[in-house]
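One letter stands for each residue in the lines below.
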Amino acid sequence: FHDRLDAPARPIRAHERLDVVACGRLAPQKDPGAVVAVQRAAGDRMDVTWIGGGDPLAVSNLAAGGVQVTGWLDAAQARARLGAADVLVHV
């Protein structure tokens, strides 16, 4: 994602919702429950999205926890979505 390094930083304004993403194959080692905890802790201060897919139960649990799941995107779409985010949660 080296192309993101050249992008100008987007200024964040007070009281603005942050766009937070996590990315990868949904499996226990990615701990999707931790991403649900981020969404719950953030409340209405951020929108949390999981980029990717995988275990149907994990997808269901994320959705029930208020996390949007994109499903699998092609490489260009995934890079664009990651590059547009304010924060990447790496689990």
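Here, residues in each chain are numbered from 1, in the same order as that chain's written sequence. Local features in a predicted model are, by the rule used here, given only for residues with pLDDT of at least 70; side-chain atom pairs are given and counted only at 80 or more, and totals for whole chains, interfaces and linings are based on all residues. Where side-chain values are given, they derive from all heavy atoms of the structure, hydrogens and water being excluded.

1. Here we look at unusual backbone geometry
Here's step 1: With phi around 50°, aspartate 31 is a residue other than glycine that occupies positive phi space.
Here's step 2: One can find aspartate 31 in the loop between β1 (18–23) and α1 (32–42).
Here's step 3: Residue exposure (1.4 Å probe, protein chains only): buried if accessible area is under 20% of the type maximum, exposed if over 50%, otherwise partly exposed. On the basis of relative accessibility, which here comes to 41%, the residue aspartate 31 falls in the partly exposed class. In this text, helices come from DSSP runs of H or I with a minimum length of four residues, and strands from runs of E with a minimum of two, each type numbered from the N-terminal end.

2. Here we look at the sheet that holds β1
Here's step 1: Here the rule is simple: two strands pair whenever DSSP picks up at least two bridges between them. Strand order in the open sheet formed by 4 strands is β3-β2-β1-β4, with parallel pairing between adjacent strands. Of all strands in the sheet, those bounded by a partner on one side alone are β3 (68–69) and β4 (87–88).

3. Focus on the pairing of strand β2 (residues 46–51)
Here's step 1: Burial within β2 is extensive, with 5 of its 6 residues counted as buried.
Here's step 2: Both β1 and β2 contribute to a ladder of 6 bridges, which runs parallel. Bridge assignment links valine 21 to a residue of β2, and that residue is threonine 49.
Here's step 3: In this region the chain leaves β1, passes through α1 and returns to the parallel neighbour β2; the handedness of that crossover is right-handed.
Here's step 4: Across 2 bridges, the pairing between β2 and β3 is parallel. Looking across to β3, one finds that tryptophan 50 is bridged to valine 69.
Here's step 5: A clockwise course of the path from the first strand over the helix to the second, judged with the strands pointing away from the viewer, identifies a crossover as right-handed. Regarding topology, helix α2 (residues 56–64) serves as the crossover connection from β2 to the parallel β3, and that connection is right-handed.

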